[in-house]
Amino acid sequence: MLPVALISPSNVKNKSMQPRLDRLGAYPFERLKALFDGSQPNPDMAHIDAGAGEPRLPLPGFVAPTLQQHLAGFSKYPSTVGGMELRTAIANWLVHRYGLSSVNPATQVLSANGTRESLFAIAHALVNPEAEKQSGCEPYVMMPNPMYQIYLGAAYTAGAEPYLMACNSDTGFAPDLGSIPDKVWAETALVYVCSPSNPTGWIADEAWYGELLALADKYDFFIVSDECYSEIYWTDKPTGLLQVAEKLGREGFSRCLVMNSLSKRSALPGLRSGLIAGDAALIKRFSKLRSYTGPATPLPLQHIAAAAWSDETHVQAHLEVYRQSLKAFFDIYGGEIPAGSFFVWLPVEADEAFALAAYQQQAVTVLPGSYLGTADANGINPGSGYIRAALIDGPEAAAELARRLKEVRV
Ligand SMILES: Cc1ncc(COP(=O)(O)O)c(C=O)c1O
């Protein structure tokens, strides 16, 4: 396989004939496995796995009875768009959570099998490389860097060129929209936003979203906001794209889609259930693609999902655990608590060497930040020099993680 540096995007349009899938590097967890290959976690300590962002909280109480009650639904094909009970529960949640005047469950909401598949597939519905090629250029799909890697895979396989918006500490990890040339905006088909951000914890505010919406109107592109950490935050409840869109008086959330998930909010990553909501024209277009690819949620699981979107008690309980975990970690490790998500994004000297040393010396698995970022045209990867750790095992484990990470010597 080619070294990752040779196949990474560079913000320069690549006329390479290399198959698009081959331009993607190995997924971060594959790279982590390769990094640890032949090494052992310190055998004198219990292993702490803070590598993946998989919530590990008890199953909410309504899951088992709801499943039991709707078992017969496994005998039926579910529709891809999702049943009206689920879409209504989603619409009600959006209205209540973001103070929206209304969301139409029939035209502005779709069920998703978690956000991962929908974040990937949306580029295939909204990016039209053929039309762009006729005008002489491939479209850009913009994304934060470092990023949830699915955006990169989506851009490449949809026939677009990824454009990487660097997220550095000097802007508080906000993508600097003002630094992007007009020519790039003019060739952009789609922008992915991740707020609260995995991995940096940054949260987009109203002004940032407003700037992006103005650019979307000026340059004619779509915005997909990945808000799957929206219910995990330190102090201020994150603003959402639809909320800002309505506040700015945009008719029908034009150009905007949000994606959210029960994986993080309800600690149900195995349910594979999420939402897609926003501009009815984009929903219709995406729905057409989905009627061919068929990511339908089984009916009994749709009932669990509807119950989960309709209950805030378990979400509040989860939030309390995440807050206690963040506090426990930073009380010991020091530094600033991130605004959102359950990740900590810590500066270290050499991220790969640190992750390996943490594993061997302290039996801790963390992810090197460079695996979540990509080198730009100048060879700079904004994820380098950081590690990402997920606080998913409660406050005591978070405190122990902080103690151990402080002891790592590279
Ligand atoms: C930023 C971000 N978006 C989307 C997802 C996908 O989650 P799911 O498909 O479980 O909704 C994840 C999972 O870790 C994530 O970190």
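Since the structure is predicted, the reported quantities are computational estimates derived from the model, not experimental observations.

**As for helix H15 (residues 351-362)**
So, step 1. Here H15 spans 15 Å end to end across 12 residues, near enough to the 16 Å set by a 1.5 Å rise per residue.
So, step 2. Looking at H15, one finds that the buried residues are Asp-351, Phe-354, Ala-355, Ala-357, Ala-358, Tyr-359 and Gln-362.
So, step 3. Close packing links the buried residues of H15 with helix H2 (28-36), strand E10 (364-365), strand E11 (367-368), strand E12 (386-390) and helix H16 (395-407).
So, step 4. Just downstream of H15, Ala-363 is the residue with a positive phi angle, here 55 degrees.

**A look at the side chain of Ser-273**
So, step 1. With respect to the helices, strands and loops of the structure, Ser-273 is situated in the loop between helix H11 (262-265) and strand E8 (274-278).
So, step 2. The buried category is assigned to Ser-273, whose relative accessible area is 0%.

**A short note on the sheet that holds E11**
So, step 1. Strands sit in the order E9-E12-E11 across an open sheet of three strands; the sheet is antiparallel. Each edge of the sheet is formed by a strand with only one pairing partner; in this case those strands are strand E9 (343-347) and E11.
So, step 2. Relative to E12, E9 runs antiparallel, the two being bridged by five bridges. Residue pairing in the sheet places Val-344 in a bridge with Ala-389 of E12.

**Considerations on the confidence of the model for the protein**
So, step 1. Scored by pLDDT, the protein has a mean of 94; 96% of the residues are at 70 or more.
So, step 2. Segment residues 1-7: pLDDT under 50, and 10 contacts once partners within four positions in sequence are set aside and those in other chains are kept.

**Quick look at the site of the ligand**
So, step 1. Contacts to the ligand come from 14 residues, most closely from Thr-115, Asp-226, Tyr-229, Ser-261 and Ser-263.
So, step 2. Residue Ser-263 places a side-chain N or O atom 2.6 Å away from an oxygen atom belonging to the ligand.
So, step 3. Within the contact set of the ligand, an oxygen atom lies 2.7 Å away from a side-chain nitrogen or oxygen of Arg-272.
So, step 4. Isolated, the ligand exposes 400 Å² of accessible area, and the fraction of that covered by the protein chains is 91%.
So, step 5. Assessed atom by atom at 2 Å from the grid points, the ligand resides in the largest pocket.
So, step 6. If one sorts the elements of the shell around the ligand by residue count, helix H5 (residues 115-126) sits on top with three residues.
So, step 7. The residue inventory of the shell around the ligand, partitioned by class, reads five nonpolar, five polar and four charged.

**Let's talk about the pattern of salt bridges**
So, step 1. Applying the stated rule across the entire model yields 15 salt bridges.
So, step 2. Ionic pairing is found between Arg-255 and Asp-220, a salt bridge with its closest N-O pair at 2.9 Å. Taken together, the residues span a long stretch of sequence, with Arg-255 in the loop between helix H10 (241-247) and strand E7 (256-261) and Asp-220 in the loop between helix H9 (206-219) and strand E6 (222-226) at a distance of 35 residues.
So, step 3. Linking Arg-265 and Glu-312 is a salt bridge whose minimum nitrogen-to-oxygen distance equals 3.2 Å. Taken as a pair, Arg-265 in helix H11 and Glu-312 in the loop between helix H13 (299-309) and helix H14 (313-333) lie far apart in primary sequence, 47 residues in all.
So, step 4. The exposure class assigned to Glu-312 is partly exposed, which follows from its relative accessible area of 25%.
So, step 5. When salt bridges with common partners are traced through the structure, they connect Asp-217, Asp-220, Arg-250 and Arg-255 into a single cluster.

**Some thoughts on the sheet that holds strand E3 (residues 140-145)**
So, step 1. In space, the seven strands of this open sheet follow the order E2-E8-E7-E6-E5-E3-E4, with mixed pairing throughout. One side of each edge strand has no neighbouring strand; the edge strands of this open sheet are strand E2 (109-112) and strand E4 (161-166). Strand-to-strand twist across the sheet, computed as the mean angle between neighbouring axes with direction ignored, equals 20 degrees.
So, step 2. Here helix H4 (residues 84-98) sits on the sheet and contacts E2, E7 and E8; the angle it forms with E2, its principal contact strand, is near 110 degrees.

**Comments concerning the environment of Ile-337**
So, step 1. By the element assignment, Ile-337 lies in the loop between H14 and E9.
So, step 2. Taking C-alpha positions, Ile-337 is 20 Å from Val-364, a pair spaced 27 residues apart along the chain.
So, step 3. In contact with Ile-337, not counting residues within four places along its chain, are Trp-234, Leu-326, Lys-327 and Phe-330.

**Some words on the domain arrangement of the protein**
So, step 1. One can read the domain layout of the protein as domain 1 (4-9 + 22-58 + 314-407) and domain 2 (78-310).
So, step 2. Domain 1 and domain 2 are separated by 25 Å when their C-alpha centres are compared.
So, step 3. With 36 residues of domain 1 at the contact, the number on the domain 2 side is 38 residues.
So, step 4. Summing both partners gives a buried area of about 3,100 Å² for domain 1 against domain 2, and 62% of it is carried by carbon and sulfur.
So, step 5. Counting every contact that joins domain 1 to domain 2 gives one salt bridge.
So, step 6. Arg-23 serves as the salt-bridge partner of Glu-161, at 3.1 Å between the closest nitrogen and oxygen.
So, step 7. For the side of domain 1 that touches domain 2, the elements supplying multiple residues, two or more each, are H14, E9 and E12.
So, step 8. Take the side of domain 1 that touches domain 2: its biggest share by element is eight residues, from H14.

**Focus: the layout of surface pockets**
Where empty space is left becomes clear once a probe the size of a water molecule has been rolled over the atoms.
So, step 1. Of the voids in this model, the largest pocket is the one considered here, and its volume is about 520 Å³.
So, step 2. Forming the boundary of the largest pocket are 28 residues, of which Gly-53, Arg-116, Tyr-148, Tyr-229 and Lys-264 lie nearest the centre.
So, step 3. Listing elements by their share of the lining of the largest pocket, those giving two or more residues are H2, H5 and H11.
So, step 4. A total of three residues in the lining of the largest pocket trace back to one element, the largest contributor, which is H5.
So, step 5. Here the lining of the largest pocket is built from residues that sort into 16 nonpolar, six polar and six charged.
So, step 6. Taken together, domain 1 (4-9 + 22-58 + 314-407) and domain 2 (78-310) each give at least three residues to the lining of the largest pocket, which thus spans both.

Conventions used here
Residues numbered from 1 in each chain as written. Predicted model: local features only at pLDDT ≥ 70, side-chain atom pairs only at ≥ 80, totals over all residues. Heavy atoms only, no water. Helix = DSSP H or I, 4+ residues; strand = E, 2+ residues; numbered from the N terminus. Expected span 1.5 Å × (residues − 1). Buried < 20%, exposed > 50% of the residue type's maximum accessible area, 1.4 Å probe, protein only. Contact = heavy atoms within 4.5 Å. Pairing = 2+ DSSP bridges. pLDDT = per-residue confidence, 0-100. Near = heavy atom within 4 Å. Polar contact = N/O pair within 3.5 Å; in protein donor to acceptor, adjacent residues only side chain to side chain. Areas by Shrake-Rupley, 256 points an atom, 1.4 Å probe, with all protein chains shown as cover. 1 Å grid on protein atoms, 1.4 Å probe; cavity = no way out; pocket = protein on both sides within 12 Å on 5 of 7 lines; lining within 4 Å. Sits in = over half its atoms within 2 Å of the grid points. Nonpolar A, V, L, I, M, F, W, Y, C, P; charged D, E, K, R; others polar. Salt bridge = Lys/Arg side-chain N within 4 Å of Asp/Glu carboxyl O. Axes fitted to C-alpha atoms, helices over the stretch in contact; angles between N-to-C directions. Domains from an automatic or database assignment. Buried area = accessible area lost by both parts, 1.4 Å probe. Points joined across faces, edges and corners; volume = space filled by probe spheres on them.

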